[in-house]
Amino acid sequence: MLRLYHVLIGFILIPIGITTAASYFSAKKDTKPSSAKIPTPTVTSTKSSQDNIWNNLLENTKLPAGWNINPCENKNSLLCISADEKILGTVEMKILPVKTQPDFQKALLNTGIPIDKNINYQNPKYVSQVTTALNNWVQNYYGVIAKNRKYTDSDKLKTAKTSDAVLFSTYPLQKAQVGKLQGVTFGFTAIKPKGGLQEQYRGYLAFDGKALYLISTGFNNAPSSGNFEKLENFSIFQPYLNSVVANFKLPN
């Protein structure tokens, strides 16, 4: 059974770099998105959602033909991706003040970098240490996700006490540009017990010395923030997501 899961992962849950490339070729100009009914957020113009944190971050970004990207109305942490006035999915941003992240502070200290407002954490000489601390944060985040959603990684699958175990597989951490900040991108997938994709997640994480910026989206057929209900829409959007994140006005 474990080999079967690995085969499924090989075909469906491709590592981030390969997934992005495959998605690029599926995102042709004449691609018609599959609309998803996501009832909570509403597409709005930037001017009419002044409280949305995306307002001050977005730059003009290339998108699939007919697609639009705008801050969501009445949802100050969500970005709405739409086509034909129908919402296809959302991207969520969380700004986490470093003072609320003691484990990250500890990880920085362990790499030899003190928490100091006068330090330029984007200085090239600190990039390696900051990346190590970000990786530590991501690994802890994986643990929280797996525990809360009751996912099981491949090492524990053999000893799982239930046949309903959902296989949890993480992507290798990669460096990523988040605006002018050097950050990382990461992700995971979850496979149903009898096969089939339950969840696919893509995240970006960066640190500006004051706060961590967590940008996330993915496919999940359960209602949630930062989510595409249709896998094909998420797959089409993925190659453009790198550009959206890289063009952020960070730090602002």
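Scroll up a little and you will see the structure.
Keep in mind the model is a prediction, meaning the values are calculated, not measured. (Residues numbered from 1 in each chain as written. Predicted model: local features only at pLDDT ≥ 70, side-chain atom pairs only at ≥ 80, totals over all residues. Heavy atoms only, no water.)

Chemist: So what's going on with the nonpolar core? Residues and values would help.
Modeler: Soluble, globular proteins show a tendency: their nonpolar side chains are buried together. Counting 33 residues, the largest nonpolar core has W54, W67, V178, I215, F237 and F248 as the members making the most contacts within it. When residues of this core are traced back to their parent elements, those giving at least two are β2 (67-73), β3 (78-83), β4 (86-97), β7 (174-178), β8 (181-191), β9 (197-207), β10 (211-220) and α6 (231-246). Contact partners of W54, with chain neighbours within four places excluded, come to P71, S77, L78, L79, V91, E92, M93, I215 and F248. (Core = buried A, V, L, I, M, F, W, Y, C linked by side-chain atoms within 4.5 Å. Buried < 20%, exposed > 50% of the residue type's maximum accessible area, 1.4 Å probe, protein only. Helix = DSSP H or I, 4+ residues; strand = E, 2+ residues; numbered from the N terminus. Contact = heavy atoms within 4.5 Å.)

Chemist: With reference to specific residues and values, describe the environment of F228.
Modeler: Checked against the element boundaries, F228 lands in the loop between β10 and α6. For the pair F228 and L88, spaced 140 residues apart in sequence, the C-alpha separation works out to 6.3 Å. Setting aside anything within four residues of it in sequence, one finds F228 in contact with I81, L88, G89, T90, T217, G218, F219, N220, N233, F234 and F237.

Chemist: I'd like to hear about the state of the cysteines, residue by residue, with values.
Modeler: Scanning all chains against the criterion turns up one disulfide. Note on cysteine connectivity: C72 is disulfide-linked to C80, with sulfurs 2.0 Å apart. What sets the handedness of the C72 and C80 disulfide is the S-S torsion sign, and at about 120 degrees it is right-handed. We note that C72, like C80, is buried. (Disulfide = S-S within 2.5 Å.)

Chemist: Could you give an account of the pattern of salt bridges, with specific residues and numbers?
Modeler: Per the counting criterion, the structure on display carries one salt bridge. Across the salt bridge formed by R149 and E199, the nearest N and O atoms sit 2.3 Å from each other. Of this pair, R149 sits in helix α4 (residues 127-149) while E199 sits in strand β9, and the two are 50 residues apart along the sequence. Take R149: its relative accessible area is 36%, and that puts it in the partly exposed class. (Salt bridge = Lys/Arg side-chain N within 4 Å of Asp/Glu carboxyl O.)

Chemist: So, the environment of P124: which residues are in play, and what are the values?
Modeler: Looking at the secondary structure, you find P124 in the loop between α3 (102-110) and α4. Separated by 58 residues in the primary sequence, P124 and Q182 place their C-alpha atoms 9.4 Å from one another.

Chemist: Give a description of α4 that names residues and reports values.
Modeler: Across its 23 residues, α4 extends 32 Å between first and last C-alpha, which sits within 8% of the 33 Å expected from 1.5 Å per residue. Those residues of α4 lying buried are V127, V130, T131, A133, L134, W137, V138, Y141, Y142, I145 and A146. Looking one or two residues beyond α4, the residue adopting positive phi is K150, at roughly 60 degrees. (Expected span 1.5 Å × (residues − 1).)

Chemist: Which residues make up the pairing of β3, and what are the values?
Modeler: With six of its six residues buried, β3 lies for the most part within the structure. As judged from the five bridges shared by β2 and β3, these two strands associate in the antiparallel manner. Residue pairing in the sheet places P71 in a bridge with L79 of β3. Counting the residues in the hairpin turn of β2 and β3 gives four residues, including N74, whose phi is positive at 65 degrees. Strand direction decides the pairing type here: β3 and β4, joined by six bridges, are antiparallel. Note that in β4 the partner of S82 across the bridge is I87. (Pairing = 2+ DSSP bridges.)

Chemist: Now, about the packing of aromatic side chains: what can you tell me, with residues and values included?
Modeler: Evaluation of the coordinates by the stated rule reveals 15 aromatic pairs. For the ring pair F186 and Y201, a centre distance of 5.9 Å and an interplane angle of 40 degrees mean the geometry is tilted. Taken as a pair, F186 in strand β8 and Y201 in strand β9 lie far apart in primary sequence, 15 residues in all. In this structure, F186 and Y201 share a single accessibility class: buried. (Phe/Tyr/Trp six-rings, centres within 6.5 Å; stacked < 30°, edge-to-face > 60°.)

Chemist: Any details on the packing of α3 against α4? Residues and values, ideally.
Modeler: Running from amino to carboxyl end, α3 crosses α4 at an angle of 145 degrees, the nearest separation of the two axes being 8 Å. Relative to α4, the crossing made by α3 is right-handed. Listed contacts from α4 to D103, F104, A107 and L108 of α3 are V130, A133, L134, N136, W137 and N140. (Axes fitted to C-alpha atoms, helices over the stretch in contact; angles between N-to-C directions. Left-handed = near helix turned anticlockwise from the far one by under 90°.)

Chemist: Go over unusual backbone geometry, please, and point to the residues and values.
Modeler: Where the residue is not glycine, phi is negative for most of them; where a peptide bond is considered, it is trans in most cases. In the segment running from L250 into P251, the intervening peptide bond is cis, with an omega of -10 degrees. Within the element layout of this structure, P251 appears in the segment after α6. We note that E85 has phi near 65 degrees; this positive angle belongs to a residue other than glycine. Positionally, E85 belongs in the loop between β3 and β4. A relative accessible area of 78% places E85 in the exposed class. Even without being a glycine, K150 presents a positive backbone phi close to 60 degrees.

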